[in-house]
Amino acid sequence: MALLPILQYPDARLHTVAKPVKEIDARVRQLVDDMLETMYEAKGVGLAATQVNVHERIVVIDTSEERNDALVLINPEIIQASADMIVWEEGCLSVPTIYDKVERHAKIRVRAQNRNGEVYEFDGEELLGVCVQHELDHLLGKVFVEYLSPLKRNRIKTKMVKRTRDEEA
Ligand code: GNR
Ligand code: NI
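Rules behind the numbers
- Residue positions are counted from 1 within each chain, in the order its sequence is given.
- Note on labels: chains are lettered from A, ligands numbered from 1, in written order.
- Per-residue local features of the predicted model are confined to residues with pLDDT of at least 70, and side-chain atom pairs are confined, for both listing and counting, to 80 or more; whole-chain, interface and lining totals are unaffected and use all residues.
- Note: side-chain values were computed over all heavy atoms of the structure, leaving out hydrogens and water.
- Per the convention used, a helix needs a DSSP run of H or I reaching at least four residues, while a strand needs a run of E reaching at least two, with both numbered from the N terminus.
- For each residue, the accessible area found with a 1.4 Å probe, counting protein chains only, is set against the maximum for its type, and the residue is called buried under 20%, exposed over 50%, and partly exposed in between.
- We call two residues in contact whenever any of their non-hydrogen atoms come within 4.5 Å of each other.
- A donor here means an N, O or S atom no more than 2.8 Å from the metal, or no more than 3.2 Å when the metal is Na, K or Ca. Since water is not included, a site may seem to lack partners.
- Criterion for a salt bridge: a side-chain nitrogen of Lys or Arg within 4 Å of a carboxyl oxygen of Asp or Glu.
- If even one non-hydrogen atom of a residue comes within 4 Å of a molecule or strand, that residue is called near it.
- Pairs of N or O atoms within 3.5 Å make up the polar contacts considered here, provided that, within protein, one atom can donate a hydrogen while the other can accept it, and that residues adjacent in sequence are counted only when both atoms are side-chain atoms.
- A 1.4 Å probe and the Shrake-Rupley method give the accessible areas. Residues count as covered only by the protein chains that appear here.
- Points on a 1 Å grid over protein atoms alone make up a cavity when a 1.4 Å probe fits among them but cannot get out, and a pocket when they form an open set with protein on both sides within 12 Å along at least five of seven lines; lining residues each have an atom within 4 Å of a point.
- Grid points are joined across faces, edges and corners, and a volume is the space filled by probe spheres set on the points.
- All amino acids are sorted into three groups, where Ala, Val, Leu, Ile, Met, Phe, Trp, Tyr, Cys and Pro are nonpolar, Asp, Glu, Lys and Arg are charged, and the leftover types, Gly among them, are polar.
- Two strands are counted as paired when DSSP detects at least two bridges linking them.
- The convention used is that axes are lines fitted to C-alpha atoms, helices contributing only their stretch in contact, and that angles between N-to-C directions extend from 0 to 180 degrees.

**Here we look at the environment of Val-143**
Then, in step 1: Topologically, Val-143 is positioned in the loop between α2 (126-139) and α3 (150-168).
Then, in step 2: For Val-143, a relative accessible area of 0% translates into the label buried.
Then, in step 3: Remark: the alpha-carbon pair of Val-143 and Pro-10, spanning 133 residues in sequence, is separated by 9.3 Å.
Then, in step 4: If sequence neighbours within four positions are ignored, Val-143 has contacts with Tyr-9, Leu-14, His-15, Val-95 and His-138.

**As for the coordination of the nickel ion (ligand 2)**
Then, in step 1: The nickel ion (ligand 2) binds to the protein through Cys-92 (SG), His-134 (NE2) and His-138 (NE2); the donor distances cover 2.1 to 2.3 Å.
Then, in step 2: Spacing between the donor residues of the nickel ion (ligand 2) along the chain follows C-x41-H-x3-H. Of this pair, Cys-92 sits in the loop between β4 (85-90) and β5 (100-105) while His-138 sits in helix α2, and the two are 46 residues apart along the sequence.
Then, in step 3: Classification of Cys-92 as buried rests on a relative accessible area of 9%.

**Brief notes about the pattern of salt bridges**
Then, in step 1: Scanning the model with the defined rule gives 10 salt bridges in all.
Then, in step 2: A salt bridge links Lys-152 to Asp-100; the shortest N-O distance between them is 2.9 Å. Of this pair, Lys-152 sits in helix α3 while Asp-100 sits in strand β5; the two residues are 52 residues apart in sequence, bridging distant segments of the chain.
Then, in step 3: For the salt bridge of Glu-121 with Arg-109, the shortest nitrogen-to-oxygen distance reads 2.8 Å.

**Topic: the site of ligand 1**
Then, in step 1: Neighbouring residues of ligand 1: 13 residues in total, closest Val-45, Gln-51, Leu-93, Glu-135 and His-138.
Then, in step 2: Interatomic distance of 2.8 Å between a side-chain N/O atom of Gln-51 and an oxygen atom of ligand 1.
Then, in step 3: The separation between an oxygen atom of ligand 1 and a polar side-chain atom of His-138 is 2.9 Å.
Then, in step 4: Calculation on ligand 1 without its partners gives an accessible area of 380 Å², and the protein chains cover 90% of this total.

**Here we look at the layout of surface pockets**
Then, in step 1: Within this model, the largest pocket holds a volume of roughly 400 Å³.
Then, in step 2: Along the walls of the largest pocket sit 22 residues, with Val-45, Glu-90, Gly-91, Cys-92 and Tyr-99 positioned nearest its centre.
Then, in step 3: Contributing elements (two or more residues each) for the lining of the largest pocket: β4 and α2.
Then, in step 4: Looking at the lining of the largest pocket element by element, the count peaks at 6 residues for α2.
Then, in step 5: Its residues assigned to classes, the lining of the largest pocket shows 11 nonpolar, 7 polar and 4 charged.

**Let's talk about the sheet that holds strand β3 (residues 71-81)**
Then, in step 1: Reading across the sheet, the 5 strands line up as β1-β2-β3-β6-β7 and stay open at both edges, with antiparallel pairing between neighbours. Of all the strands in the sheet, just β1 (46-48) and β7 (119-125) have a single pairing partner and so form its edges. On average, adjacent strands in this sheet sit at an angle of 40° to one another, irrespective of strand direction.
Then, in step 2: When strand β6 (residues 107-113) meets β7, the two strands line up antiparallel, connected through 7 bridges.

Right under this line is the structure:
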């Protein structure tokens with residue numbers, strides 16, 4: 001087990017498009033374990049491999065209150081999305097302390113592989129549905145602040161650059 005460093009916006013590597021996982025082997029399972037450890041330690045409800053600078057279609061999620069219901073999504077796809085939308089206040093471990101409203105599909109159906117390579121499906125709404133859409137965006141190189149106005153996004157960018165500089169000083 002190992003904690004992985006989480007890329008901080010506006011790191012250009014967050015815009016990398018992830019590739020499908022070809023073989024779910026020991027390397028992939030180790031990465032999943034490290035991502036779970038990193039997500040729990042950071043108190044996030046989800047983490048995409050993109051955020052730990054691995055550009056493969058792997059996501060971990062746990063939206064349970066007790067933090068004991070991990071979901072592993074390898075090669076995830078949204079196979080259905082409702083026409084009705086919801087607005088949710090989102091945050092991101094790659095943009096800490098920034099929260100803002102984003103419009104998402106209210107309900108989705110997801111197909112993915114688990115850590116044993118088995119294909120499974122589930123429905124998601126509310127936090128789980130929003131989180132899956134947020135994580136799949138990461139795999140496409142998209143961060144939630146890209147849904148905000150250019151003015152807001154530029155303010156966030158400036159704040160994050162200053163913060164990263166202060167942390168490095
Ligand atoms: O921890 C997280 N919380 C969250 C809240 C609302 C919508 C999405 C999220 S995902 C985020 C963790 C993260 O950055 N995943 O990529
Ligand atoms: Ni995120």
